[in-house]
Amino acid sequence: MIKTILTIALYVSVEYCRGQYFDYHDLELGRHYTNLTTKGDLVSDIYRVVVDTKNPPPAIRVSVASENASLKHILAVTVVRGKTVHNIALSRLQSHRNKQYEYWFATDTLCDNDRSIEQRGQPVHVSVSSILPSKFGLLVKSVENFNIGTEIIKTAATPPEPR
């Protein structure tokens with residue numbers, strides 16, 4: 001009897017935590033989302049993007065933009081796909097020829113050495129938080145013909161525009 005009660009209590013606790021700490025919003029791969037808003041107070045919003053598990057993309061590209069982000073009020077983004085974890089902070093401050101430029105958007109590509117179907121088929125989880133409520137845009141898309149290792153990587157890129 002006590003074992004049954006403890007089992008039920010454990011199940012309820014796990015389900016409660018699952019609902020409270022692992023609540024996420026599903027997003028479509030390749031769709032550009034605009035006017036998403038953080039809660040502020042560093043409370044994370046978690047987004048999940050499911051990929052085709054039978055034919056997963058070799059790499060994932062994440063683009064995030066926030067005109068509200070500043071050096072005082074940073075938008076923090078963490079991207080997780082399988083074993084790969086990547087962090088992005090907006091605004092970004094970069095130097096060039098002794099001048100500093102502030103950027104309000106970033107695009108980064110995630111590609112892991114683990115080329116297994118299990119790794120590449122994992123959903124992409126994106127956690128976004130900020131100190132103050134901030135509007136932002138988010139795009140998670142697949143990148144074909146992008147492989148890490150000894151193969152040649154061909155990709156077109158343009159430099160970001162400073163604010």
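Worth saying up front: this structure is predicted, and the values here are computed from it rather than measured.

Participant: What exactly am I supposed to notice about the packing of aromatic side chains here?
Facilitator: What describes a pair of aromatic rings is the distance from one ring centre to the other and the angle between the planes of the rings. Counted by the stated rule, this structure contains two aromatic pairs. Taking the centre distance of 6.2 Å and the plane angle of 75 degrees together, the rings of Tyr47 and Phe136 count as edge-to-face. Of this pair, Tyr47 sits in strand E3 (residues 45–49) while Phe136 sits in strand E11 (residues 135–143), placing them 89 residues apart in sequence. Residue Tyr47 is classed as buried on the basis of its relative accessible area, which comes to 5%. For Phe136, a relative accessible area of 3% translates into the label buried. Here the aromatic rings of Trp104 and Phe105 are separated by 5.0 Å at their centres, their planes lie at 70 degrees, and the arrangement is edge-to-face. Its relative accessible area of 24% is what places Trp104 among the partly exposed residues.

Participant: Could you clarify how one ought to interpret unusual backbone geometry in this entry?
Facilitator: Among all residues save glycine, negative phi is the norm, and among peptide bonds the norm is trans. Ser91 follows Leu90 through a cis peptide bond whose omega is 10 degrees. Turning to its location among the elements, Ser91 is positioned in the loop between strand E6 (84–90) and strand E7 (92–96). Of note, the phi angle at Arg97 is positive, near 55 degrees, even though the residue is not glycine. In this fold, Arg97 is placed in the loop between E7 and strand E8 (99–103). In the Ramachandran plot, Asn98 falls in the positive-phi region, its phi being about 65 degrees despite a non-glycine side chain. Along the polypeptide, Asn98 turns up in the loop between E7 and E8. Look at Asn98 and you get exposed, because its relative accessible area is 83%.

Participant: Help me understand the sheet that holds strand E9 (residues 105–110), please; the structure alone is not making it clear to me.
Facilitator: Through backbone hydrogen bonds, the strands of a sheet pair up, either in parallel or in antiparallel fashion. A sheet is described by the order of its strands in space; here four strands give the open sequence E2-E11-E4-E9, paired in antiparallel fashion. Strands at the two margins of the open sheet, each flanked by one partner only, are strand E2 (32–37) and E9. Strand after strand, the sheet turns through a mean of 20 degrees between neighbouring axes, direction not considered. Two elements, strand E4 (residues 59–65) and E9, share six bridges in a ladder whose sense is antiparallel.

Participant: What is the right way to look at the environment of Tyr24 in this model?
Facilitator: With respect to the helices and strands, Tyr24 occurs in the loop between helix H1 (2–21) and strand E1 (25–27). A relative accessible area of 33% means that Tyr24 is categorised as partly exposed. Once the C-alpha coordinates of Tyr24 and Val126 are considered, the two residues, 102 residues apart in sequence, prove to be 9.2 Å apart. Setting aside its immediate chain neighbours within four residues, Tyr24 contacts Ile46, Tyr47 and Arg48. A distance of 2.9 Å separates polar atoms of two side chains, one belonging to Tyr24 and the other to Arg48.

Conventions adopted
Residues numbered from 1 in each chain as written. Predicted model: local features only at pLDDT ≥ 70, side-chain atom pairs only at ≥ 80, totals over all residues. Heavy atoms only, no water. Phe/Tyr/Trp six-rings, centres within 6.5 Å; stacked < 30°, edge-to-face > 60°. Helix = DSSP H or I, 4+ residues; strand = E, 2+ residues; numbered from the N terminus. Buried < 20%, exposed > 50% of the residue type's maximum accessible area, 1.4 Å probe, protein only. Pairing = 2+ DSSP bridges. Axes fitted to C-alpha atoms, helices over the stretch in contact; angles between N-to-C directions. Contact = heavy atoms within 4.5 Å. Polar contact = N/O pair within 3.5 Å; in protein donor to acceptor, adjacent residues only side chain to side chain.

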